[in-house]
Amino acid sequence: MPTVSSRGDAMRGLAVFISDIRNCKSKEAESKRINKELANIRSKFKGDKTLDGYSKKKYVCKLLFIFLLGHDIDFGHMEAVNLLSSNKYTEKQIGYLFISVLVSSNSDLMKLIIQNIKNDISSPKPVHVNLALHCIANIGSAEMSEAFGQEVPKLLVSAHASESVKQSAALCLLRLIRTLPDAMTYAEWASRVIHLLNDQHMGVVTSAASLIHTLSQLSPGDYKGCVSLAVSRLSRIVTSTYTDLQDYTYYFVPAPWLSVKLLRLLQCYPVPEEPAVRGRLVECLETILNKCQEPPKSKKVQHSNSKNAVLFEAINLIIHIDSEPNLLVRACNQLGQFLQHRETNLRYLALESMCLLAGSEFSADAVKKHRETVINALKTERDVSVRQRAVDLLYAMCDKTNSEEIVAEMLAYLKKADYAIREEMVLKVAILSEKYASDYTWYVDTILQLIRVAGDYVSEEVWHRVIQIVINRDDAQGYAAKTVFENLQAPACHENMVKVGGYILGEFGNLIAGDERSSPLVQFNLLHSKFHLCTPSTRALLLSTYIKFINLFPEIKQTIQNVLQNDNQLRNADVELQQRALEYSQLSSITSQDVLATVLEEMPPFPERESSILAKLKKKKPASVQAIEKEEEKMKKSPPSIENHVNVPKEVPANTNSVDLLGLSTPPATPQQSTNSLLVDVFGSVDQPVAPKPESNISKSETAGSVDPEAAQNKSNLLFSRFLFKNSGVLFENNLIQVGVKCEFKEHTGRVGLFFGNKTGNQLQNFSASVSMGADLQGKVNIAPQKEAPTQIDGGAQVQHFVNLECITFFSGSPNLQLRYQHASTPQQVTLKLPVIINKFMEGTNMPAADFFNRWKQLGQPVQETQKIFQANHPIDTEAAKTKLTGFGMSVLINVDPNPDNLVGSGIVKTKTSQIGCLLRLEPNKEAKMYRLTVRSSVGEVAALLCTMLEEHF
Amino acid sequence: MMRFMLLFSRQGKVRLQKWFNAIGDKERKKITRELVSLVLSRRPKMCNFLDWKDYKVVYKRYASLFFCCAIEESDNELLALEVIHRFVEILDKYFGSVCELDIIFNFEKAYFILDEFLLAGEIQESSKNKVLRAVENSDALQEENQEAEATRSILEEFGLS
């Protein structure tokens, strides 16, 4: 083998440069050295003298190194591409490396690169073919899929290609298929590809197994022939001795990589029907389980890791087959041993796999035997990720018989649980206690305890749910009233407790009013003592409780009216509180007791629906809910795509309407943030795009003295962008003038009122305001001022100017408003964009879910849809998003999307010549802080435009 | 499939990065930053696996270097750990008891080795000897070139070319 030093000599300049960088004492010194080098390379590349291949290679390599240090590289790509056509292997190799690391699939150079790859892929030298294949596998653009989709499979099954070429070709093809899965299934190659599983060369089989796995997922029918081949190959491996496979034996374990790939491949298919194949497969699985009982052949961790890797994959297959009780129970026992293994990794994986076993009817009981061990893990594990797995498993193994114990243990653990997993645990406890409650006193106790222990992590869904259940269950109401009353007596109780308490006493306080210790006045005073410590949303809820009290307990009417009529309420700065106090006090004074009783009748039962908590957990962790669902009933899985739900109306879960049902119209102030994402927050802010649009709103910078033009422009952009959602407000302001706008739109016509306020004490002279349209709007919008604009504005005065407009056809962009005036004999000029945007001509349309889905489907052509996935610019808040969409002109449709966090809307853009229907769907991903926005419209351009306009506002 | 592999030092300096699917540069930097600090904050003897965003992260420390890779939900964690180990073994054999410096100064070699071992995020060749042989073959080509180069420069020096 050549020594390192001789290789190092290959590019001395590079080594010197790297040493220099390493010797830099500070970040600044490093930057300086790098900039010097970049300048040097740039001049070399630009210089007249053509560089020889060696120098090019050296400089390209230096650029690569600089890139890997974290710097941006914006040149050298062309030189790297030049290296590809070098006939020296090492130059070619460096060229390919640079391209693999630094060239993105949409590069302008892609055509050239593809041309070079074409040359190399048909080269007689296998090493060159390999380089080309590696490059395709590394970049894998759609363009490459088209260019090489036919070429690569030929290499794969060719009789002449070397083994290493076949290996590369298999994985290269895999990458191309992943890039464009629809374009290729290679049904015609299927049988030849499948037979690669029989290849003599283990490396070829290993590569091919990955390819076949993906192809089987894409078109199972074409590839089902692989099952029997995979079983026999697997069988040969597991029964071999460790000397049989030579290089492919890894720490005494025969071909662990291939074994795992084959075991995974078999999970793509149902258990084989042919008795012989099935028997052979069961034998393999038994052999793998048996081997775990044998004494280890080596003490090295690599030996046990790879052996157990095969074992865990075998267990996954056993769970997948789910019809071999004997194997399932053996698997469970094996995992049981791992639960107490000294290796943390094994404990972690055992907990994880057992979660799956808990979902099978054959092994569920066997899993439950390990309850104590798992509870113990919750208490003693030092690694939070392992404890998390223990929580998941407890959740999965919970049933009627052990629920009280498991819930109690989880509650106990919750007190000291890591912040990162508290919210999820709260959800789980809430679900389990509801699902397995044999009597509702236990359920109520549990939820209230949950609020006491971890009030901050109790999300709205949880406390809404307890109220729904209490209202629907007559037998729980008296107990609930009594218990919340007791809980509220604690000196410091969580605000969520006040919410639940306020609501329940308002409905059922009468059930405990007979006892003088909880007489009406005592109840009222207790609640009111918390009032001042609460946020406005809770106060609003309490005001509703008070009016209900007036109905329930006429004897304390006066006391309550005094509170409602107190200035603290009637003149509260919070409009919602003020309005409630005023309306409630009026309601109680002017209506008769009968009317009051009708208005404030007990809440009707809530319709039975899927628990909103379960829906929330499902969204947080789809996998962990599976077990519980599977057990419950064969619930249809719910992929988050609207189409799939057309025929499953029963799956419409609770939506956020429940907020209103509970008497809260202001959204509560504290959305529960998952602390998981703390790190994301710390760093995330760096990458957050800022709101202002890059496009210029002021075409010529104004000369208004102290105003920083850039800041003014940003501000004005910001002001403009708000008009997407509203029709009136301040459009522009500097220290001389303020421009206000008030627009009205009806169908395809509109009127824009402009208000120019002179902020100075002096007259603004030679004032003119003219509206103009760019070429892109000509003929699409008609604009006519109602009368001539004023020509001067007195100091401190405001003048109006109205413009009528008409939308002839769809347009993008906005008309301009040009203001000229003279202040202190200096002419000023401002150009603004008028908030006349296409969405202003949109009217929301309401429609039932079925219509929506029909229309959605009708607009199914690719050109009619625009979809964007983007980072949320604002905290994800459904209510705020609804308000925005409504302001934008869409009707937000309720009860259409099965996921309550998703919003769907519809509207029609009305122009003089046509009406353009638009549908929209906005799906937040709270964890990733991302949104997916899909807009469909009968006119593709409209969909694209609306999507772009909305994107940055969520 | 493996989504990416990162090699970084105890100080958090990234020494090698390999991304197996198309992710924007900005997103890569963000992932790297977050993941490096997450892994560095973990104590020894903790479990080698992490659930992180949509990834399962598997990491292991070898001397001063952390080897960290992200795999998919259905992938096998233990085997990923051994992918890392096999890669370390190959580097070790190639460089002769590899250390961080070898990877810094010969980063391009590390990439070539990785391409022979993993491709498209899947194991291409699990045999250590076969991977090494492939890399040595291409080194041999390099040396042929160098000799040719050396001859040429001598000729040039004497003004004979």
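The structure displayed is predicted, hence computed values, not measured ones. (Residues numbered from 1 in each chain as written. Chains lettered and ligands numbered in written order. Predicted model: local features only at pLDDT ≥ 70, side-chain atom pairs only at ≥ 80, totals over all residues. Heavy atoms only, no water.)

Visitor: Quick one: what's the story with the overall build of chain B, residue by residue and with numbers?
Guide: The number of helices and strands found in chain B is five helices and seven strands. Each helix and strand of chain B, ordered N terminal to C terminal, gives the series β-β-α-β-β-β-α-α-α-β-β-α. Sorting the 161 residues of chain B into buried and exposed places 60% on the buried side. Relative to all contacts within chain B whose residues are 6 or more apart in sequence, the contacts with residues 24 or more apart total 49%. Split by element, the accessible area of chain B, about 6,400 Å² in all, is 51% carbon and sulfur. (Helix = DSSP H or I, 4+ residues; strand = E, 2+ residues; numbered from the N terminus. Buried < 20%, exposed > 50% of the residue type's maximum accessible area, 1.4 Å probe, protein only. Contact = heavy atoms within 4.5 Å. Areas by Shrake-Rupley, 256 points an atom, 1.4 Å probe, with all protein chains shown as cover.)

Visitor: Any chance you could break down the overall build of chain A for me, citing the residues and the numbers?
Guide: Each helix and strand in chain A was counted, giving 43 helices and 16 strands. Counting all 954 residues of chain A, 55% fall into the buried class. For chain A, the exposed surface amounts to about 41,400 Å²; the carbon and sulfur share of it is 51%.

Visitor: Describe the sheet that holds strand 9 (residues 816–823) of chain A, naming the residues involved and giving the relevant values.
Guide: Residues and elements named next belong to chain A. Spatially, 6-9-10 is the arrangement adopted by the three strands of the open sheet, whose pairing is antiparallel. Strands at the two margins of the open sheet, each flanked by one partner only, are strand 6 (765–772) and strand 10 (826–833). Neighbour-to-neighbour, the strand axes of this sheet turn through a mean angle of 10 degrees, independent of strand direction. Taken together, the six bridges between strand 6 and strand 9 define a ladder with antiparallel strand orientation. Directly across from Gln 765, in strand 9, lies its bridge partner Gln 822. (Pairing = 2+ DSSP bridges. Axes fitted to C-alpha atoms, helices over the stretch in contact; angles between N-to-C directions.)

Visitor: Help me get a handle on the pairing of strand 15 (residues 915–925) of chain A, residues and values and all.
Guide: Residues and elements named next belong to chain A. Judged by how many residues are buried, strand 15 sits mostly within the fold: eight of eleven residues are covered. As judged from the eight bridges shared by strand 14 (residues 903–910) and strand 15, these two strands associate in the antiparallel manner. Each bridged residue has a counterpart across the sheet, and for Leu 903 the counterpart in strand 15 is Leu 922. Two successive antiparallel strands, strand 14 and strand 15, enclose a turn made up of four residues.

Visitor: Lay out helix 27 (residues 460–472) of chain A in plain terms, naming residues and giving numbers.
Guide: All names here are of chain A. When the terminal C-alpha atoms of helix 27 are compared, their 18 Å separation across 13 residues agrees well with the 18 Å that a helix rising 1.5 Å per residue should span. Counting buried residues in helix 27 gives ten out of 13 residues, a clear majority hidden from the surface. Burial in helix 27 covers these residues: Val 462, Trp 463, His 464, Arg 465, Val 466, Ile 467, Gln 468, Ile 469, Val 470 and Ile 471. (Expected span 1.5 Å × (residues − 1).)

Visitor: Tell me about the side chain of Glu91(A), and please be specific about residues and values.
Guide: Residues and elements named next belong to chain A. Topologically, Glu 91 is positioned in helix 6 (residues 89–102). Take Glu 91: its relative accessible area is 6%, and that puts it in the buried class. Look past the residues within four positions of Glu 91 in its chain and what remains in contact with it is Gly 53, Tyr 54, Lys 57, Leu 83 and Ser 86.

Visitor: Let's hear about the packing of aromatic side chains: which residues, and what values?
Guide: For the structure on display, the rule yields 30 aromatic pairs over all chains. Ring centres of Phe755(A) and Phe802(A) lie 6.4 Å apart, and the angle between their planes is 80 degrees; this geometry places the pair in the edge-to-face category. Linking Phe755(A) in strand 5 (residues 749–758) with Phe802(A) in strand 8 (residues 798–807), this pair joins segments that are 47 residues apart in sequence. With a relative accessible area of 18%, Phe755(A) lands in the buried category. Taking the centre distance of 5.5 Å and the plane angle of 15 degrees together, the rings of Phe8(B) and Phe66(B) count as stacked. Residue Phe8(B) is found in strand 1 (residues 2–9), and its partner Phe66(B) is found in strand 5 (residues 65–71); the two are separated by 58 residues along the sequence. (Phe/Tyr/Trp six-rings, centres within 6.5 Å; stacked < 30°, edge-to-face > 60°.)

Visitor: Quick rundown of the interface of chain B and chain A? Include the residues and the values.
Guide: Taken together, the 76 residues of chain B in the interface contact 79 residues of chain A. Between chain B and chain A we count six salt bridges in total. Between Asp383(A) and Arg42(B) there is a salt bridge whose closest N-O contact spans 2.7 Å. Taken together, the links from chain B to chain A amount to 29 residue pairs in polar contact (both at pLDDT 80 or more). Among the residues making up the side of chain B that touches chain A, the classes are represented as 25 nonpolar, 16 polar and 35 charged. (Salt bridge = Lys/Arg side-chain N within 4 Å of Asp/Glu carboxyl O. Polar contact = N/O pair within 3.5 Å; in protein donor to acceptor, adjacent residues only side chain to side chain. Nonpolar A, V, L, I, M, F, W, Y, C, P; charged D, E, K, R; others polar.)

Visitor: Explain helix 2 (residues 77–95) of chain B residue by residue, including any values.
Guide: Spacing of three or four residues puts side chains on the same side of an α-helix, whose turn is 3.6 residues. Residue and element names in this part refer to chain B. Look at helix 2: 27 Å from first C-alpha to last across 19 residues, which is about the 27 Å you get at 1.5 Å a residue. In terms of burial, helix 2 is a largely internal element, 17 of the 19 residues being buried. N-cap assignment for helix 2: the residue whose side-chain oxygen lies 3.3 Å from the backbone N of Leu 78 is Asn 76. Following helix 2 by one or two positions, Gly 96 has its phi on the positive side, about 75 degrees.

Visitor: Would you mind going over the nonpolar core in detail, with residue names and values included?
Guide: Formed by 267 residues in total, the largest nonpolar core has its most connected members in Leu197(A) and Phe87(B). Tallying contributions element by element places helix 2 of chain B first for this core, with twelve residues. Excluding anything up to four places from it in sequence, Leu197(A) contacts Val205(A), Ala209(A), Ile212(A), Cys226(A), Leu229(A), Ala230(A), Arg233(A), Leu262(A) and Leu265(A). (Core = buried A, V, L, I, M, F, W, Y, C linked by side-chain atoms within 4.5 Å.)

Visitor: Pulling in residues and values, what's your account of the packing of helix 6 of chain A against helix 4 (residues 107–117) of chain B?
Guide: Where helix 6 of chain A contacts helix 4 of chain B, the axes come no closer than 11 Å and their chain directions differ by 80 degrees. In terms of orientation, helix 6 of chain A and helix 4 of chain B fall into the roughly perpendicular class. Across the interface between the two elements, Gln93(A), Ile94(A), Leu97(A) and Val101(A) from helix 6 of chain A touch Glu108(B), Tyr111(B) and Phe112(B) from helix 4 of chain B. Taken together, the residues of the contact of helix 6 of chain A with helix 4 of chain B break down into five nonpolar, one polar and one charged. (Parallel < 35°, antiparallel > 145°, perpendicular 65-115°, else oblique.)

By themselves, these figures tell us nothing about what the structure is for.
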